[in-house]
Amino acid sequence: MIPLARRLTAVCALGAALTACGTAGPAGTAHPAKSPVSSSPSPSRPPLLAPGPGGLTPVFEHGPRTLGKTVALTFDADMTADEGRRAASGEHFDNPGLIAALRSLKVPATVFMTGRWADQYPAQARSLGHEAQFEVANHSYSHYAFTEDCYGLPTVGADRMRSDVERAYTSLRKAGVPKPMPYFRFPGGCYDRQALRALSGLGVTAVQWDVVSGDAFATDADAVVRQVLDGVKPGSVVVMHCTRSAAPTTERVVRSVVPELRKRGYRFVKVSELVGESGGHR
């Protein structure tokens, strides 16, 4: 569903109906990051990239290739604004088995969550947000595209892009995610200069990826495993999904990929660590 993205290019094939994961936990509050850019982590300020030319929202694709074998697994919690009826009729937009696998394997991960998904599954969002093993980041509210012609997704007008991201943070706070990260993933991975300009000043870093798992709608887990293992390099960001209905093989993929990458000497980290290692640069 999400092919490899490049700067200022829409490069991921996303279906409009992909979604996420989790289990329940205690409540809390949170705020989107609007503080000055930081290139190093601190207790109150996660690392960010410096803004681009003219203050454009910066885009992060992977960490340094020369600072050891680190890799970040990321999982998109996609639920579009108009999928409530499907959830009400019994479709599962979560994958507790995948989250259980990550826990049992002790793999840290970053979950990019839509606000609509947090509205649907607040207890699960809260649980992920309270567990140190995970970090929850922003994947828009509605999972509508920020460019035209983004693999069939409905689009958000330029005048609503900023408010859509802010609305997602509001939903994450309402669900009880205590520290939603100042990272944003464009729906479909599609963006252009207009989208980057619309989000300027929000204090977020846009996070893409350099390894496409191919797990969306996949039925052959072994093929997905091969694609991930063939693509990972030091500093890689791998994009996957945690949706039982739209990405049914992902738990099996994780249970195969994690031990193999560990045999190859890789250490699993969250996106924030890779961003921190970049020293504020793309």
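That block above? That's the structure.
None of the values given here were measured: they were computed from a predicted structure.

1. A few points about helix H8 (residues 250-263)
Since one α-helical turn is 3.6 residues long, residues separated by three or four positions face the same way.
Here is step 1: Here H8 is 14 residues long and its end C-alpha atoms lie 20 Å apart, about the 20 Å a rise of 1.5 Å per residue gives.
Here is step 2: Along H8, the positions that sit buried rather than exposed are Thr 250, Val 253, Val 254, Val 257, Val 258 and Leu 261.
Here is step 3: Where the residues of H8 are buried, they touch strand S2 (70-77), helix H2 (96-105), helix H7 (221-231), strand S8 (236-241) and strand S9 (267-269).
Here is step 4: Positive phi shows up at Gly 265, right after H8, with a value of about 95°.

2. Concerning the nonpolar core
Here is step 1: Judged by nonpolar contacts, the single largest core of 60 residues is most densely connected at Phe 75, Leu 102, Met 113 and Phe 186.
Here is step 2: If we ignore the near neighbours within four places in the chain, the residues touching Met 113 are Ala 77, Ala 118, Ala 125, Leu 128, Val 136, Ala 137, Asn 138, His 139, Ser 140 and Leu 172.
Here is step 3: Core analysis: the next-biggest nonpolar cluster, separate from the first, contains 17 residues, Leu 48, Leu 49, Ala 137 and Val 239 among them.

3. Observations concerning the packing of H7 against H8
Here is step 1: For the pair H7 and H8, interaxial distance at closest approach is 9 Å and the crossing angle is 35°. Taken as a pair, H7 and H8 cross one another with a handedness that is right-handed. Only Arg 252, Val 253, Ser 256, Val 257, Glu 260 and Leu 261 of H8 make contact with H7, whose side of the interface consists of Ala 221, Val 224, Val 225, Val 228 and Leu 229.

4. Quick word on the packing of H2 against H8
Here is step 1: Close contact between H2 and H8 brings their axes to 9 Å; oriented N to C, the two are set at 20°. Taken as axis vectors, H2 and H8 run roughly parallel relative to one another. Here the hand of the crossing between H2 and H8 comes out right-handed. Taking contact as the criterion, the partners of Gly 97, Leu 98, Ala 101, Leu 102, Ser 104 and Leu 105 in H2 are, on H8, Thr 250, Glu 251, Val 254, Arg 255, Val 258 and Arg 262.
Here is step 2: Each residue belonging to the contact of H2 with H8 can be placed in one class, and the counts come to six nonpolar, three polar and three charged.

5. As for the pairing of S2
Here is step 1: Counting buried positions along S2 yields eight of eight residues, so the element is predominantly enclosed.
Here is step 2: Burial along S2 is two-sided: the residues Thr 70, Ala 72, Thr 74 and Asp 76 and Val 71, Leu 73, Phe 75 and Ala 77 are all buried.
Here is step 3: The pairing of S2 with S9 spans three bridges and is classified as parallel. Residue Val 71 lies in a different strand from S9, and its bridge partner there is Phe 268.
Here is step 4: Relative to S8, S2 runs parallel, the two being bridged by six bridges. Across the sheet, the residue bridging to Asp 76 is His 241, located in S8.

6. Remarks on the pairing of strand S4 (residues 134-138)
Regular strands place their side chains on alternate faces of the sheet.
Here is step 1: Here S4 lies mainly inside the structure; five of its five residues are buried.
Here is step 2: Burial of S4 is two-sided: the residues Phe 134, Val 136 and Asn 138 facing one way and the residues Glu 135 and Ala 137 facing the other way are all buried.
Here is step 3: Pairing of strand S3 (residues 109-113) with S4, which is carried by five bridges, proceeds in the parallel orientation. Note that in S4 the partner of Thr 110 across the bridge is Glu 135.

Analysis parameters
- Sequence order sets the numbering: in each chain, residues are counted from 1 along the sequence as written.
- Local features in this predicted model are restricted to residues of pLDDT 70 or higher, and side-chain atom pairs are both shown and tallied only at a pLDDT of 80 or more, whereas totals for entire chains, interfaces and linings draw on every residue.
- Side-chain numbers here rest on the full set of heavy atoms in the structure, without hydrogens or water.
- Per the convention used, a helix needs a DSSP run of H or I reaching at least four residues, while a strand needs a run of E reaching at least two, with both numbered from the N terminus.
- Residue count minus one, scaled by 1.5 Å, sets the expected span of a helix.
- The classification of residues rests on relative accessible area computed with a 1.4 Å probe and restricted to protein chains. Under 20% of the type maximum is buried, over 50% is exposed, and intermediate values are partly exposed.
- Note on definitions: a residue-residue contact is assigned when non-hydrogen atoms from the two residues lie within 4.5 Å.
- For the purposes of this section, nonpolar cores are sets of buried Ala, Val, Leu, Ile, Met, Phe, Trp, Tyr and Cys residues that join through side-chain atoms within 4.5 Å.
- Where helices are involved, their axes are fitted lines through C-alpha atoms of the stretch in contact, as for all axes, and angles between N-to-C directions lie from 0 to 180°.
- Crossing handedness is defined as follows: a turn of the near helix away from the far one that is anticlockwise and smaller than a right angle gives a left-handed crossing, while the clockwise case is right-handed.
- In this scheme, roughly parallel covers angles under 35 degrees and roughly antiparallel covers those over 145, while 65 to 115 is roughly perpendicular and the rest are oblique.
- Three categories are distinguished: nonpolar for Ala, Val, Leu, Ile, Met, Phe, Trp, Tyr, Cys and Pro, charged for Asp, Glu, Lys and Arg, and polar for the others, with Gly belonging to the last.
- Strand pairing requires that DSSP identify at least two bridges connecting the strands.

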